[in-house]
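Close look at the chain arrangement
Okay, here's what each chain looks like letter by letter:
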Amino acid sequence: MFSYNLQLALKSLKERPALTILTILAIATGLGLYTTVKTMSYQSSQVPLAHKSKNIFLLQMDNREITADAVEHQSRMVDTTYKDTLNLMQLEMPGVKQTFNWSTYGILNVEDENINPLRTFAAVTSSAFFTMFEPPFLYGNGWDKATEESGEAVIVISKLMNDKLFGGRNSVGESVRINTHVLKIIGVLDTWHLTHKFYDRSFSRARPDNFFIPYTFAMENNLPRRAGFDCWAANADISRSFRTENTARLINSECAWVTFWAEVPEAKITDYRQQIMSYMGSEKTLGRFPRKLEMYLTNLNDQLTYIHGRNQFLKTFSVLATLFFAVCLLNAVGILLAKFMRRKKEVSLRRALGAKKKTIIMQHLLEVIIIGLLGGALGVVISYFGLQGMMNIRLYSSDYTVRVEDVMPYFQLNWIMIANAFVTGIMCTIVASIYPIWRLCNIPPASQLKSQ
């Protein structure tokens, strides 16, 4: 029976090819735009380090002056002071890892005279950064704690810079110069795609760091600090100078500017909170932390949920795509109704000869499922080109300051989205066909036979 109904469905598709094609195009067009937006939303909502994101926490302590305004949300809280950063790194708890970072900049040179000097930014961090955030290495590795404590002039570079500066060869052991400082390369990162560069709280996309430098070297050699300084009134007048000078005063100030991270096993989160609160309490007795003791320990999942909730562009675009898809489905309902109602005499004759309603329904359901499959396939093709178009818009809007390789993952179909497109296409086509099939199967056969 299934084979017979399938043959009838295929025959019906060929009877009115124009209406069949119009139905497929209506489904495919709406589905293509809908899948384009859903893919962008899906790819951008991927959480970095998903396997342990709920255990990666941003730590913030409210060290502000008593006169500071209240903070309504964690995202508005200040970062960490340098002296608190060093103190917290001395706290030991089994299974807990901690790291921190800020950004620096300078003019980079290599020995090859054919390579022009370039202005670059670098992440300043600790050795734990590489074990906590797990960037993949192509050559070498990160520095260890002993190298960090000795203040050695070492650097980790990205694959992009390795290709540009050294032609892609293993550059471990080579040297680069940032401003007047010569640093030895000890590691080359492989391509590291982060949907959001979370560790500096910028949550920027397609702008990975190309250099990583130990914080001890950066501070000892007074590398410029690219950061926002939230300072007490006593240092507010010179806070801008902290970018390049007054290092000793900055180290001992109440200026918050360092982003501090902790990887805490679930079983130890309560203990870690208590340890931080105990630290804050002990510092309060020394005249620090004048406000009510308050800390924020926010994992990556919660931070990304907040960031995505504020993405009004994708929200608006998603609503428009859904409405457009709904309009396309309504058009498909009208086309299917016109297509099916042309068969009312044929269906009435079959029913008069003993065909059951469920047989008629099955034939037309198979027909719309085939239409849904074809609409889904064409919708995937349309969404592919739609994503390419959106990627080009993204490149244009950035004045081509980002690379295609960094942007591409945000506009890439995967098997999950392809499968979703097919399922959505089939289900929506079936839903769109309910009314036309119901109308067709409920026409009294006698009313059509009398007219013959």
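For every chain, the first residue of the written sequence is number 1, and numbering continues from 1 along that sequence. Thresholds applied to this predicted model are a pLDDT of at least 70 for local features of residues and 80 or more for the giving and counting of side-chain atom pairs; totals over whole chains, interfaces and linings are not thresholded and use all residues. The side-chain numbers reported here are obtained from all heavy atoms of the structure, hydrogens and water having been left aside.

A closer look at the overall build of the protein
A helix here means a DSSP run of H or I that spans at least four residues, while a strand means a run of E at least two residues long, and both kinds are numbered starting from the N terminus. For the protein, the count of helices and strands is 17 helices and 11 strands. Its C-alpha radius of gyration of 31 Å places the protein more than 25% over the 22 Å reference for a compact globule of 452 residues. Over its C-alpha atoms, taken along the principal directions, the protein stretches across nearly 100 × 60 × 40 Å. Per-residue burial over the protein gives 49% buried out of 452 residues. Here the contacts in the protein between residues at least 6 apart in sequence split such that 76% fall between residues at least 24 apart. All accessible-area figures derive from a Shrake-Rupley calculation using a 1.4 Å probe, and residue coverage is judged against the displayed protein chains alone. Carbon and sulfur atoms form 57% of the exposed surface of the protein, whose accessible area is close to 22100 Å². Charge convention: Lys and Arg are scored as positive, Asp and Glu as negative, and His as well as the terminal groups of each chain are ignored. Every charge is mapped to an atom, namely NZ of Lys, CZ of Arg, CG of Asp or CD of Glu. If the 48 positive side-chain charges of the protein are averaged to one point and the 37 negative ones to another, these points end up 19 Å apart. Every radius of gyration here is taken over C-alpha atoms, with the globule rule written as 2.2 Å times N^0.38, N being the number of residues. Exposure classes here rest on a 1.4 Å probe applied to the protein chains alone. A residue is buried below 20% of its type maximum, exposed above 50%, and partly exposed in between. What makes two residues a contact is simply this: any of their non-hydrogen atoms within 4.5 Å.

A look at the nonpolar core
By size, the foremost hydrophobic cluster in this structure holds 51 residues, and its most contacted members are Leu-59, Trp-102, Ile-155, Trp-257 and Tyr-272. It is helix H10 (residues 269-284) that provides the largest number of residues to this core, a total of five residues. Throughout, nonpolar core names a set of buried Ala, Val, Leu, Ile, Met, Phe, Trp, Tyr and Cys residues whose side chains join them through atoms within 4.5 Å. Membership of the second largest hydrophobic core comes to 27 residues, among which are Leu-31, Val-37, Phe-317 and Phe-411.

Structural notes on unusual backbone geometry
Phi at Leu-49 takes a positive value of approximately 50°, unusual for a residue other than glycine. Residue Leu-49 is classed as buried on the basis of its relative accessible area, which comes to 13%. A positive phi angle, close to 65°, is found at Arg-201, a residue other than glycine.

Some remarks on the packing of aromatic side chains
In this analysis, rings of Phe, Tyr and Trp, with Trp reduced to its six-membered ring, are considered paired at centre separations within 6.5 Å, and the interplanar angle assigns stacked below 30 degrees, edge-to-face beyond 60, and tilted for intermediate values. With the rule as written, the count across this model stands at 25 aromatic pairs. Between Phe-129 and Tyr-199, the aromatic rings sit 5.1 Å apart at their centres with planes inclined by 90°, giving edge-to-face as the arrangement. Of this pair, Phe-129 sits in helix H4 (residues 128-133) while Tyr-199 sits in the loop between strand S8 (181-189) and strand S9 (211-214); the two residues are 70 residues apart in sequence, bridging distant segments of the chain. Each member of the pair, Phe-129 as well as Tyr-199, carries the same accessibility label: buried. Ring geometry for Phe-130 against Phe-212: centres 6.1 Å apart, planes inclined by 70°, an arrangement best described as edge-to-face. Of the two residues, Phe-130 sits in helix H4 while Phe-212 sits in strand S9, which places them 82 residues apart along the sequence. Of the two residues examined, Phe-130 and Phe-212, each falls in the buried class. The rings of Phe-129, Phe-130, Phe-133, Phe-137, Trp-143, Trp-192, Phe-198, Tyr-199, Phe-212 and Trp-261 are connected pair by pair, giving a single aromatic cluster. Charge-over-ring contacts are defined here by two conditions on Lys NZ or Arg CZ: a distance within 6 Å of the ring centre and an angle within 35 degrees of the ring normal. Cation over ring: Arg-205 sits above Tyr-410, and NZ or CZ is 5.1 Å from the ring centre.

Some details on empty space enclosed by the protein
Any residue with an atom within 4 Å of a point lines the site, the site being either a cavity, points on a 1 Å grid over the protein atoms alone where a 1.4 Å probe fits but cannot get out, or a pocket, an open set with protein on both sides within 12 Å along at least 5 of 7 lines. Grid points are joined across faces, edges and corners, and a volume is the space filled by probe spheres set on the points. Counted by the stated rule, this structure contains one cavity of 30 Å³ or more. There is about 40 Å³ of room inside the largest cavity. Forming the boundary of the largest cavity are Thr-104, Tyr-105, Gly-106, Thr-120, Phe-121, Ala-122, Ile-178, Ile-213 and Leu-223. At the level of secondary structure, the elements contributing two or more residues to the lining of the largest cavity comprise strand S3 (97-109) and strand S4 (118-125). Residues are grouped as follows: nonpolar covers Ala, Val, Leu, Ile, Met, Phe, Trp, Tyr, Cys and Pro; charged covers Asp, Glu, Lys and Arg; every other residue, Gly included, is treated as polar. In terms of residue class, the lining of the largest cavity is built from six nonpolar, three polar and no charged.

Re the packing of helix H12 (residues 312-341) against helix H16 (residues 415-441)
Relative placement of two packed helices is described by the angle separating their axes and the distance separating the axes. To define axes, lines are fitted to C-alpha atoms, for helices over the stretch in contact only, and angles between the resulting N-to-C directions are given on a 0 to 180 degree scale. Relative to each other, H12 and H16 sit at 40°, their axes nearing to 9 Å. Put simply, H12 runs oblique to H16. The crossing of H12 and H16 is right-handed. Residues Phe-325, Leu-329, Val-333, Leu-336, Leu-337, Phe-340 and Met-341 of H12 pack against Thr-424, Cys-428, Ala-432, Ser-433, Tyr-435, Pro-436, Ile-437, Arg-439 and Leu-440 of H16. Split into classes, the residues belonging to the contact of H12 with H16 amount to 13 nonpolar, two polar and one charged. An angle below 35 degrees is treated as roughly parallel, one above 145 as roughly antiparallel, one from 65 to 115 as roughly perpendicular, and anything else as oblique. Crossing handedness: left-handed means the near helix sits turned counterclockwise from the far one by under a right angle, and right-handed means the same turn made clockwise.

Things to note about the pattern of salt bridges
The salt bridge criterion pairs a side-chain nitrogen of Lys or Arg with a carboxyl oxygen of Asp or Glu, the two atoms within 4 Å. For the coordinates displayed, the defined rule picks out 14 salt bridges. Between Arg-288 and Glu-254 there is a salt bridge whose closest N-O contact spans 2.6 Å. On the criterion of sequence distance, the pair formed by Arg-288 in the loop between H10 and strand S11 (295-299) and Glu-254 in the loop between helix H9 (247-251) and strand S10 (256-263) is long-range, its members being 34 residues apart. The exposure class of Glu-254 is buried, given its relative accessible area of 9%. A single network of salt bridges, built from pairs that share partners, joins Lys-83, Asp-84, Glu-254, Glu-283 and Arg-288.

Here's the deal with the packing of helix H2 (residues 17-44) against H12
Where H2 contacts H12, the two axes come as close as 9 Å, and the packing angle between them is 165°. Taken together, the axis directions place H2 and H12 in an arrangement best described as roughly antiparallel. By crossing handedness, the relation of H2 to H12 is classed as left-handed. Residues that form the contact of H2 with H12 fall into these classes: 21 nonpolar, eight polar and two charged.

A look at the state of the cysteines
Criterion for a disulfide: a pair of cysteine sulfur atoms within 2.5 Å. Under the definition given, this model contains one disulfide. Between Cys-328, a cysteine without a disulfide, and Cys-428, which holds the nearest cysteine sulfur, the sulfur-to-sulfur distance is 11 Å. Taking relative accessible area as the criterion, Cys-428 reaches 17% and is therefore assigned buried.

A look at the pairing of strand S6 (residues 154-157)
The side-chain alternation of S6 yields two buried faces, one formed by Val-154 and Val-156 and the other by Ile-155 and Ile-157. At least two bridges found by DSSP between two strands is the condition for calling them paired. Both S6 and S8 contribute to a ladder of four bridges, which runs parallel. Bridge pairing links Val-154 to Lys-184 in S8. Bridge count between S6 and S9: two bridges; the pairing is antiparallel. Bridge pairing in S9 links Val-156 to Phe-212.

Some points on the layout of surface pockets
By volume, the largest pocket amounts to about 850 Å³. Lining the largest pocket are 36 residues; nearest its centre among them are Ser-103, Lys-197, Asp-200, Asp-209 and Arg-226. Of all the elements in the fold, those that place two or more residues in the lining of the largest pocket are S3, S4, helix H6 (159-166) and S10. In terms of residue count, S4 provides more of the lining of the largest pocket than any other element does, six residues in total.

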